[in-house]
Structures are given as C-alpha cells and as structure tokens.
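Structure assessment
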Amino acid sequence: MFTIDPRFRLASVESFDVNSAITSSILQFGDVFSITAESNALAVQQETANFTEFEKDPFEMMPYYKKKPIHEPLYPVTLNRVNLNPTIQVQRVTFNGISTSGVSVVGSVHSATMMSRVRQIRQFDQYPQTAPPLHRKEN
Amino acid sequence: MNLNVTNCNLQVDEIKFAAVSSSSLFLIGDAHNITLSSIFDTPPESLIIGPFVPLSIS
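Residues numbered from 1 in each chain as written. Chains lettered and ligands numbered in written order. Predicted model: local features only at pLDDT ≥ 70, side-chain atom pairs only at ≥ 80, totals over all residues. Heavy atoms only, no water.

A sheet is described by the order of its strands in space; here three strands give the open sequence β2(A)-β6(A)-β3(B), paired in parallel fashion. The strands lining the two open edges of the sheet, one partner per strand, are β2 (26-29) of chain A together with β3 (25-28) of chain B. In this sheet, adjacent strand axes meet at a mean angle of 5° when their direction is disregarded. By the bridge criterion, four bridges tie β2 of chain A to strand β6 (residues 103-106) of chain A in an arrangement that is parallel. Directly across from Gln28 of chain A, in β6 of chain A, lies its bridge partner Val105 of chain A. (Pairing = 2+ DSSP bridges. Helix = DSSP H or I, 4+ residues; strand = E, 2+ residues; numbered from the N terminus. Axes fitted to C-alpha atoms, helices over the stretch in contact; angles between N-to-C directions.)

Structure below.
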C-alpha cells in the first residue's frame, strides 16, 4: 500500500459545481498517490472535405507524438513544511467542464505527470489569396 | 537546498473559471511532485498547400 505524506493538509470544499467531465478526464475527491495523464490531438482543417482513411496510425507515424520532454531538477531540494492551519478551506468552486485528460482533484496528490501534445494542420487546395505573406512557402 | 515553508491560513471564498483541459491539473490540496509538459504546434508553420496531409514530416 502507498502512503500519502501525513503532513499534507486536509482540503475542505463546501460546494463544488461542474457541468461535465469528458474525454478521459478525472474529477477526484480524496487523496491520490499517482496521476499519469496523456493526451494527443491532431486537428486537420481542410478546405475540401476528404474522408479517406489514414493508411497508418498518424500518431505512430509522426515523430512529434513521440517526443517526451524530460524534467530534471537542477539540484535536490529538501522541503520542510510547518502547517499552522492543517486545513485548506474553499467555500465554492464553479467551472464548466474538464476535458482531454484534464484532472481536477480535491485532496492531496503524491505525484502527477501530465502530458499534452496538440498539432494543427491547415490544408488549402491552392495558395490562399487572403493569407499574409508569412503563410506562403515558395517552392 | 533546504526550503522551509510555513503554511498559515488558506481560506478561499470562491474559485470560478471556464475549464480544465489538455492534460491540465486543477488541485485543491498539497502535492509532492507535479510534472507538466505541453507541446503545441499551430499555423503558420503547419500550413500545408496540396492534396495530401504530410504525415511523415515532423
């Protein structure tokens, strides 16, 4: 079994109002030992609709979705905490929704690792006349 | 490095926002370790003209 640091404070929320939790999102009340969330999105905007299927999994083919940022502390940090008031009190929380591997927690978390990759591609049939020069590729 | 933290009172009346999205974390409480990464690629770099989506370009 895991143990949450006993020095973590108690979170107390009187009223929690959320409309929706969609697309692999989590709404959690209570302590969590570990959260690992990842979301990969590819948004393709096409001038002309093209419903042909991809030959291979686009997430497998593009190196973009294989990138893993590495986080390493510059030096080890020892944190000493003193809780004069052992509770975090929030009267009211109001928000619309949680989406795309988002996580909302009321409680303590030992470790959370979140990763999001979003890529947008705009596809035109011809050079758009209205686009600024920056958007044009000479080839 | 030693970091000494004294948590006095933390009392909030109201938290209001639109949404938690794209692997974001909204936390009311304490945490030991949080690692967040985000890669976002948007036009003009992603603007492509032609009949195919170049899925092999990084």
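As a further point, take the sheet that holds strand β2 (residues 10-20) of chain B. Across the sheet, three strands lie side by side as β1(A)-β5(A)-β2(B); this open sheet has parallel pairing. Each end of this open sheet is capped by a strand with a single partner; those strands are β1 (10-21) of chain A together with β2 of chain B. Ignoring strand direction, the axes of neighbouring strands in this sheet form an average angle of 10°. When β1 of chain A meets strand β5 (residues 87-98) of chain A, the two strands line up parallel, connected through ten bridges. Paired with Ala21 of chain A across the two strands is Ile98 of chain A, which belongs to β5 of chain A.

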